[in-house]
Amino acid sequence: MRYIPRVLSNSNDWATRHSVLTTARRTAALINALADDRPDLAVVADVLRDHGETDPIDLTTRDVAGMHAAAALLRQVFAAEHADDAAAALNHLLKDHTGPLRLTSHGGTTPWHPHLDRDDDAPWDEWLLASSCMALTVLVWDRQRPPGRICASPSCQNVFITQGSGPERRYCSRRCATRERVAAHRRSHSAEQSSEAE
C-alpha cells in the first residue's frame, strides 16, 4: 500500500514539488528506473525520494513488479510521434487503468490536489499510472504535442520530457547528443577517407 505523505510546512513548497511538470519528470525518471527486467528496489525508492515522496518508502518486490508493468504502459505515450497518438495512448490508459477524478488532502496532511487513483491507499502501480496519466494529459492539452520522447540514440532507451518553445529535443541528455554527434562525425570522416582511397 502507498504511504500517505506527511504535512509540509509550506504549501507553496508542496505545490512546486507536485506540479504537473515535476510529476511528468518523475514519471520519466521512474520509467527509466523501471526499464530493466528486474528493477532495483533501492533505485526506484531513490527516484521516488528525489521527486518528493517522503520516507518511509517500503517497496516490495511485488510493488516494483507492478510499477514495472505500469511503466511499460506509460512508455507508449513517450513513443508517440504526434499529439493524436499521445492522446490516443493516454485515453486508453485513462479508460482502463484510472478511477474517476477526485480531490484529496490525504486526511488533511497535504493541500487539496487532484487524484485519478481509486483511493489514497492505492497500490504503487495504480498511483504511478494515475498520477502520470494526469500530468501527461495536462501537458498534451497545454502544448498540443506529445509530452516527451524516447531518446534517439540507438544505445539509449531512456524517456524524457520535452519542454520549451525551441526546437524539439531528440536526445535525453547532452551526453547522448554528443555521443551521437561524435559517432556521426567519425562515420563521415571514415567515409571521406574511403572515397579518397578509391
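What counts and what doesn't
Residues numbered from 1 in each chain as written. Predicted model: local features only at pLDDT ≥ 70, side-chain atom pairs only at ≥ 80, totals over all residues. Heavy atoms only, no water. Helix = DSSP H or I, 4+ residues; strand = E, 2+ residues; numbered from the N terminus. Buried < 20%, exposed > 50% of the residue type's maximum accessible area, 1.4 Å probe, protein only. Contact = heavy atoms within 4.5 Å. Areas by Shrake-Rupley, 256 points an atom, 1.4 Å probe, with all protein chains shown as cover. Expected span 1.5 Å × (residues − 1). Disulfide = S-S within 2.5 Å. Polar contact = N/O pair within 3.5 Å; in protein donor to acceptor, adjacent residues only side chain to side chain.

This brings us to the overall build of the protein. The helix and strand tally for the protein stands at 7 helices and 4 strands. Counting helices and strands in the order they occur from the N terminus, the protein gives α-α-α-α-α-β-β-α-β-β-α. In the protein, which comprises 198 residues, the proportion classed as buried is 40%. Nonlocal contacts in the protein, meaning residues at least 24 apart in sequence, comprise 54% of its contacts between residues at least 6 apart. Approximately 11,200 Å² of the protein is accessible, and the part contributed by carbon and sulfur atoms is 52%.

Locating His 82 in the fold gives a position in the loop between helix 4 (61–79) and helix 5 (83–97). A residue is classified by how much of its surface remains accessible, and His 82, at 52% relative accessible area, is exposed. C-alpha of His 82 to C-alpha of Arg 145: the two residues are 63 residues apart in sequence and 6.1 Å apart in space.

Moving on, we get to helix 4. With 19 residues, helix 4 ought to run about 27 Å at 1.5 Å a step, and its terminal C-alpha atoms sit 27 Å apart, in line with that. Residues Asp 63, Val 64, Gly 66, Met 67, Ala 70, Ala 71, Leu 74, Val 77 and Phe 78 constitute the buried set of helix 4. Looking at the buried side of helix 4, the elements it contacts are helix 2 (20–33), helix 3 (41–50), helix 5, helix 6 (124–143), strand 3 (148–150) and strand 4 (159–161).

Moving on to the state of the cysteines. Counted under the stated rule, the structure contains 0 disulfides. The thiol of Cys 151 is unpaired, and the distance to the nearest cysteine sulfur, on Cys 172, comes to 3.8 Å. A residue is classified by how much of its surface remains accessible, and Cys 151, at 4% relative accessible area, is buried. Note on Cys 156: no disulfide assigned, nearest cysteine sulfur contributed by Cys 172 at a separation of 3.7 Å.

Quick look at helix 6 now. Here helix 6 contains 20 residues, and its C-alpha end-to-end distance of 28 Å stays within 8% of the 28 Å for a straight helix at 1.5 Å per residue. For helix 6, a buried count of 14 out of 20 residues is recorded, marking the element as mostly surrounded by other parts of the structure. Phi turns positive, to about 55°, at Gln 144, one or two residues after helix 6.

Along the chain, His 106 turns up in the loop between strand 1 (102–104) and strand 2 (113–115). For His 106, a relative accessible area of 6% translates into the label buried. In this structure the side chain of His 106 is engaged in a polar contact, spanning 3.2 Å, whose partner is the side chain of His 113.

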